[in-house]
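Chain residues, written in single-letter form:
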Amino acid sequence: MPDNAHIEAQLDGPAASPMIDPYGRAISYLRVSVTDRCDFRCVYCMAENMTFLPKKDLLTLEELDRLCSVFIAKGVRKLRLTGGEPLVRKNIMSFIRTLSRHLQSGALEELTLTTNGSQMARFAPELYDCGIRRVNISLDTLQPDRFKAITRWGDFSQVIAGIDAARAAGLAVKINAVALKGMNEDEIEEMMVWAHERGMDLTLIETMPLGDIDGDRTDQYLPLSVVRARLMDRWTLDDIPYKTGGPARYMQVRETGGRLGFITPLTHNFCESCNRVRITCTGTLYMCLGQEDAADLRAPLRMSEGNALLEAAIDEAIGRKPKGHDFIIDRRRNKPAVSRHMSMTGG
Ligand code: SAM
C-alpha cells in the first residue's frame, strides 16, 4: 500500500461531522462491496453469464481505503466487506491489514466480512491476526448435489473446509442461508441443528427482488413467517434482544441453546432502525439496499487529495437517505424491484 499519511493527517484534524439522516438515524455501519466478481453463480443472485465491470472502473484498494477511512472519521463503527466475493479480489489481505489500523486505534469497533467461504481455508488465520473476530459465511444447503444446483459453480467440500478453518482460527462463524421455496425449505431444521451443534448462529434470509436472474423469483420466494410457524411445531423459539448491528432479529432455540436470526425485508420491514449505507467497488454510495437512488463518490474522491469534497458529497447523500425500501415480490410485474444485483451493492 502506498503512503496514506496525508489522509491520516486529515483524519487527525478537526473531527468530521457525524452522519445523521433526515429521520434522525445515525449512520454507524458501512458495507463495502470490494468487487462485483464472484466465483459462484447462485441462482437467486446472478445469471450464469453475468457481465462484470471492467477492472478499470473499480476503485483501487488505496482509494477504497481512503473512502472507508473518511466514513470511519464520520462515525462508522462497524465495517463489513462484501461483494461479489470479497476474498477473490486481488491483494484483499493487504487491504484488510491496512484497514485494521482503525481497529487498533479504537476508531472502529468491528471489521468483518460476508463470504461464500470458498477461500476461507487460505485466509482464516490471517483474518484473525488482522483483528477480525466474526465472519458470516453463506451456505444454503448441506447436500453437495443441491449445493452445486444452487451455486452452479461452487464446491461444497471447499466451503465446509473453509468453515472449519475459520472456526479453528478462532473466528466466530454465523451461517447465512437464503430460504428458497422448493430448494432448501425441507432442510432448514437440519441446518439449524448442524449449525448449533458447532456453536454457530444460523440466520435465514428472504429472497429479495434485486437484479435480473435467469429464473422467476416468485418461484423461489419463501416467506420466513411460514418457516417460523413450521419451526414452532417442533422447537421453542424465544425472542431475544441480541443484536449484531445488522437487520436480523434473533431467537434462541430452547432445545439447542443456539441462536436463530431472521432477515425479513419482505414480511417485516426493518427500515426504522436502519443504521447502514453501502458503497460499491466503483465508489457509488447507496443509501438504501432497496432503492435506486445513489451518489457518486468516485468523482469527489479523485478530484482532490483533500477530503472536503468527499465529505460534502457524503453529507449531501445522507441527507437523501430514504425512510425505507418497498420491496415486493409481485408475480404480475415479474420484474426486480431494483435492477442492480446483490453482488453489486453487497448483501
Ligand atoms: N459472496 C459473498 C457471500 O456469498 O456471502 C458475499 C456477497 S453475497 C451477495 C451476500 C449474501 O447475499 C449471501 O448470503 C447471498 O446468499 C445473499 N443474496 C444474494 N442475492 C440475494 C437475493 N436476491 N436475496 C436475498 N439474499 C441474497
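What comes next is a walk through the structure.

Thresholds, definitions, all that
Residues numbered from 1 in each chain as written. Predicted model: local features only at pLDDT ≥ 70, side-chain atom pairs only at ≥ 80, totals over all residues. Heavy atoms only, no water. Axes fitted to C-alpha atoms, helices over the stretch in contact; angles between N-to-C directions. Helix = DSSP H or I, 4+ residues; strand = E, 2+ residues; numbered from the N terminus. Parallel < 35°, antiparallel > 145°, perpendicular 65-115°, else oblique. Left-handed = near helix turned anticlockwise from the far one by under 90°. Contact = heavy atoms within 4.5 Å. Nonpolar A, V, L, I, M, F, W, Y, C, P; charged D, E, K, R; others polar. 1 Å grid on protein atoms, 1.4 Å probe; cavity = no way out; pocket = protein on both sides within 12 Å on 5 of 7 lines; lining within 4 Å. Points joined across faces, edges and corners; volume = space filled by probe spheres on them. Near = heavy atom within 4 Å. Polar contact = N/O pair within 3.5 Å; in protein donor to acceptor, adjacent residues only side chain to side chain. Buried < 20%, exposed > 50% of the residue type's maximum accessible area, 1.4 Å probe, protein only. Pairing = 2+ DSSP bridges.

### Some points on the packing of helix H2 (residues 61-73) against helix H3 (residues 92-99)
Working step 1: Look at H2 against H3: their axes get within 10 Å of each other, and the N-to-C directions meet at 25°. With respect to H3, the axis of H2 lies roughly parallel. For the element pair H2 and H3, the recorded crossing hand is right-handed. Touching Leu61, Leu64, Asp65 and Cys68 of H2 are Phe95, Thr98 and Leu99, all from H3.
Working step 2: The class makeup of the residues in the contact of H2 with H3 is five nonpolar, one polar and one charged.

### Description of the layout of surface pockets
Working step 1: Size it by volume and the largest pocket reaches roughly 230 Å³.
Working step 2: What lines the largest pocket is Thr35, Arg37, Lys55, Leu58, Leu61, Val88, Arg89, Lys90 and Asn91.
Working step 3: Among the residues forming the lining of the largest pocket, the class breakdown is three nonpolar, two polar and four charged.

### Topic: the site of the ligand
Working step 1: Neighbouring the ligand are 18 residues; Tyr44, Gly84, Glu85, Ser138 and Met208 lie closest to it.
Working step 2: In the environment of the ligand, an oxygen atom lies 3.3 Å from a nitrogen or oxygen atom belonging to the backbone of Thr115.
Working step 3: The side chain of Ser138 places a nitrogen or oxygen atom 2.5 Å from an oxygen atom of the ligand.
Working step 4: Contributing elements (two or more residues each) for the shell around the ligand: strand S3 (110-115) and strand S6 (201-206).
Working step 5: Of the residues in the shell around the ligand, the class split is six nonpolar, nine polar and three charged.

### Description of the pairing of strand S9 (residues 259-263)
Working step 1: Most of S9 sits inside the fold, with four of its five residues counted as buried.
Working step 2: Looking at chain direction, S6 and S9 are connected through four bridges and run parallel. Within S9, the position partnered with Ile205 by the bridge is Ile263.
Working step 3: Both strand S8 (residues 249-253) and S9 contribute to a ladder of four bridges, which runs antiparallel. What sits directly across from Gln252, in S9, is Arg259.
Working step 4: Connecting S8 to the antiparallel partner S9 that follows it, the hairpin turn spans five residues, and Gly257 within it adopts a positive phi of roughly 80°.

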